[in-house]
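Single-letter residue listing:
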Amino acid sequence: MIRGAYSLTIALPKGRNFEEAVSVLRKAGLEVPTLQDERVMTLGQQGGTGILLLRNADVPVYVDLGIADAGVVGKDVLLESGRDVYEPVDLGTGICRISLIRHPDSTGPIRRVATKYPSFTSRLFKERGWALDIVELSGNVELAAVTGLADAVVDVVQTGATLKQAGLEEVEVLAHSSTRLIVNRQALKLKSQILRPLITKLRELSGKI
Ligand code: PRP
């Protein structure tokens, strides 16, 4: 049973952002063991810092519902999740943007958009008064614009290499994203002796103080 086993529980995303998140937490003074096996779900010694290894989109869920006290996740994921978590530090890494992307041959009105960010996209276009059919996909979203599944896609652009390779055009930047520390609002009060210094240290490290 994991619940209550750690003095502080942190949710981290597996995959490309994992190493960077671990590195910044270590610099801030937390002891984080090395991940040896990708199938492992938790890291850490009883009584110390516990790490829950999750999919990106699940990090805000675990933090909002208080299973994790804090987490590290991209702003893009937060914008989609709509979870009410405290977001005290912009770590300044993982800089990317969520953009509207089209194939240059697709010039008609945008009626159908494919995306991994359906809530964000629907909210944004509703504000603009655009009635769109939103198709939720879970990966390789660009392919929807290439194949004509959708008139446009809303997806992450980091280096722009994927777009270039697929021959697509970035029409508009809809939001900017970078990696954030998120904290459960109740944990911030109950574990302030651990979380406040961690927040201060991470702000210093990211040059925000
Ligand atoms: C993201 C995004 C783009 C790519 C953009 O995909 O969906 O495909 O990165 O990065 P770039 O501008 O540096 O090329 P990710 O690799 O996270 O996987 P996915 O396509 O399976 O969602």
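Predicted model, so just to flag it, every value in this text is computed and none were measured. In this numbering scheme, every chain counts its residues from 1 along its sequence in written order. In keeping with the predicted nature of the model, local features appear solely for residues at pLDDT of at least 70, side-chain atom pairs appear and are counted solely at 80 or more, and the whole-chain, interface and lining totals rest on all residues. Hydrogens and water are ignored here; the side-chain numbers use all heavy atoms of the structure.

(A) Main features of the domain arrangement of the protein. By the assigned domains, the protein splits into domain 1 (8-94 + 178-205) and domain 2 (96-176). In this structure, domain 1 and domain 2 have C-alpha centres spaced 29 Å apart. Only heavy atoms enter the contact rule, under which two residues are in contact if any of them lie within 4.5 Å. On the domain 2 side, the residues contacting the six residues of domain 1 number 12 residues. When two parts are put together, the accessible area they lose, computed with a 1.4 Å probe and summed over both, is reported as buried area. Both faces considered, domain 1 and domain 2 share a buried interface measuring about 750 Å² in area, 45% of it formed by carbon and sulfur atoms. Among the residues of domain 1 in contact with domain 2, Asp 76, Leu 79 and Glu 80 are the three that bury the most area, contributing 70% of the side total. For salt bridges, the criterion is a side-chain nitrogen of Lys or Arg within 4 Å of an Asp or Glu carboxyl oxygen. Counting the contacts that link domain 1 with domain 2 gives zero salt bridges. When residues are grouped by polarity, Ala, Val, Leu, Ile, Met, Phe, Trp, Tyr, Cys and Pro land in nonpolar, Asp, Glu, Lys and Arg in charged, and all others, Gly among them, in polar. Looking at side-chain class alone, the side of domain 1 that touches domain 2 contains one nonpolar, one polar and four charged residues. Domain ranges listed in this record stem from an automatic or a database domain assignment.

(B) Here's a closer look at the sheet that holds strand 1 (residues 8-13). A sheet is described by the order of its strands in space; here six strands give the open sequence 2-3-1-4-11-5, paired in mixed fashion. Edge positions in the sheet fall to strand 2 (42-43) and strand 5 (86-90), since each has one partner strand and no second. Any two strands are treated as partners once DSSP identifies two or more bridges connecting them. A run of H or I in DSSP counts as a helix once it spans at least four residues, and a run of E counts as a strand once it spans at least two, with each numbered from the N terminus. Sheet topology note: the strand 2/strand 3 (residues 49-54) ladder contains two bridges and is antiparallel. Counted as the bridge partner of Leu 43 is Ile 51 from strand 3. Lines are fitted to the C-alpha atoms to define the axes, a helix being fitted only along its stretch in contact, and any angle between axes, read from their N-to-C directions, falls within 0 to 180 degrees. Sitting on the sheet, helix 1 (residues 18-27) is in contact with strand 1, strand 2, strand 3 and strand 4 (70-74), with an inclination near 150 degrees to strand 1. Of the strands in this sheet, strand 1, strand 4, strand 5 and strand 11 (179-183) are in contact with helix 8 (residues 192-205), which crosses strand 5 at around 35 degrees.

(C) Broad picture of the nonpolar core. Grouping buried Ala, Val, Leu, Ile, Met, Phe, Trp, Tyr and Cys residues that are joined through side-chain atoms within 4.5 Å yields what is termed a nonpolar core. When accessible area is computed with a 1.4 Å probe and restricted to protein chains, residues below 20% of their type maximum are described as buried, those above 50% as exposed, and intermediate ones as partly exposed. Grouped together as the largest cluster of nonpolar side chains are 27 residues, with contacts concentrated most on Ile 10, Leu 12, Leu 25, Leu 181, Leu 195 and Leu 202. Secondary structure elements with two or more residues in this core: strand 1, helix 1, strand 3, strand 4, strand 11, helix 7 (185-190) and helix 8. It is helix 1 that provides the largest number of residues to this core, a total of five residues. For Leu 25, the residues in contact, after removing those within four places along its chain, are Ile 10, Leu 12, Leu 30, Val 32 and Leu 202. By size, the runner-up hydrophobic cluster in this structure holds 14 residues, among which are Leu 79, Phe 125, Leu 132 and Ala 175.

(D) Spotlight on the site of the ligand. Close to the ligand lie 13 residues, the nearest being Arg 16, Lys 116, Asp 155, Thr 159 and Thr 162. Contacts to the ligand include Arg 16, whose side-chain N or O atom sits 2.6 Å from an oxygen atom. Pairing of N or O atoms within 3.5 Å defines a polar contact, subject to two protein rules: one partner must be a possible hydrogen donor and the other a possible acceptor, and residues neighboring in sequence count only if both atoms are side-chain atoms. Note that an oxygen atom of the ligand is positioned 2.3 Å from one of the side-chain N or O atoms of Lys 116. Methods summary: accessible areas were calculated by the Shrake-Rupley approach with a probe of 1.4 Å, and residue burial reflects only the protein chains presented. Isolated, the ligand exposes 500 Å² of accessible area, and the fraction of that covered by the protein chains is 73%. At the level of secondary structure, the elements contributing two or more residues to the shell around the ligand comprise strand 9 (152-157) and helix 6 (161-166). Residue contributions to the shell around the ligand peak at three residues, all from strand 9. Per-class residue counts for the shell around the ligand are three nonpolar, six polar and four charged. One heavy atom within 4 Å of a molecule or strand is enough for the residue carrying it to be called near that molecule or strand.

(E) Spatial organisation of the sheet that holds strand 9. Pairing in this open sheet of five strands is mixed, and the strands run 8-7-9-6-10 from one edge to the other. The open sheet has two free edges, formed respectively by strand 8 (133-136) and strand 10 (169-177), since each of these has just one partner strand. Strand-to-strand twist in this sheet, taken as the mean axis angle between neighbours without regard to direction, amounts to 25 degrees. Two elements, strand 6 (residues 96-102) and strand 10, share seven bridges in a ladder whose sense is antiparallel.

(F) Here's a closer look at the packing of aromatic side chains. Side-chain rings of Phe, Tyr and Trp (the six-membered ring for Trp) are treated as a pair once their centres are within 6.5 Å; stacked means planes under 30 degrees apart, edge-to-face means over 60, and tilted covers the remaining angles. Counted according to the given criterion, the structure contains one aromatic pair. Note on Phe 125 and Trp 130: the rings are 5.0 Å apart at their centroids and 5 degrees apart in plane angle, and the pair reads as stacked. We classify Phe 125 as buried; its relative accessible area is 1%. Given the relative accessible area of 37%, Trp 130 is considered partly exposed. Two thresholds decide whether a charge sits over a ring: the Lys NZ or Arg CZ must be within 6 Å of the ring centre and within 35 degrees of the ring normal. Directly above the ring of Trp 130 sits Arg 128, whose terminal nitrogen or CZ lies 5.4 Å from the centroid.

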